[in-house]
Amino acid sequence: METIHIHTEFIKLEALLKFAALAETGGEAKNLIVDGLVTVNGELCTMRGKKIRAGDRVCLAGQELLVEQA
């Protein structure tokens, strides 16, 4: 599990995938999300604008991210 630190109240799911280098572009991130490959806190999430906050866990292809407030 990798820990990602954010300095804001939230980060959008699409931006998080790019920030964590799980997607190279916004288009790639969008496709991963829309194709149903991303879970947030154990539940499938297809909303690319989903607000991810400290304490949330995002998983893609076996890689899990834990978001923490910096």
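Everything discussed here concerns the structure shown above.
Being a predicted model, the structure only gives us computed values, none of them experimental.

*Asks:* Just give me the short version of unusual backbone geometry, but keep the residues and values in it.
*Replies:* The backbone of A21 sits at a positive phi, close to 65°, despite the residue not being glycine. Checked against the element boundaries, A21 lands in the loop between α1 (13–19) and α2 (26–34). Among the residues examined, A21 registers a relative accessible area of 64% and is labelled exposed. At A61, a residue that is not glycine, the phi angle is positive and equals roughly 50°. Take A61: it is sitting in the loop between β6 (57–60) and β7 (63–69). For A61, a relative accessible area of 75% gives the class exposed.

*Asks:* Tell me what's going on with the environment of F10, and back it up with residues and numbers.
*Replies:* Along the polypeptide, F10 turns up in strand β2 (residues 10–12). Among the residues examined, F10 registers a relative accessible area of 27% and is labelled partly exposed. Residues F10 and G42, 32 residues apart in the sequence, show an inter-C-alpha distance of 18 Å. Setting aside its immediate chain neighbours within four residues, F10 contacts K51, I52 and R53.

What counts, and where the lines are drawn
- Residues numbered from 1 in each chain as written.
- Predicted model: local features only at pLDDT ≥ 70, side-chain atom pairs only at ≥ 80, totals over all residues.
- Heavy atoms only, no water.
- Helix = DSSP H or I, 4+ residues; strand = E, 2+ residues; numbered from the N terminus.
- Buried < 20%, exposed > 50% of the residue type's maximum accessible area, 1.4 Å probe, protein only.
- Contact = heavy atoms within 4.5 Å.

Function-wise, these values are silent; they only describe arrangement.
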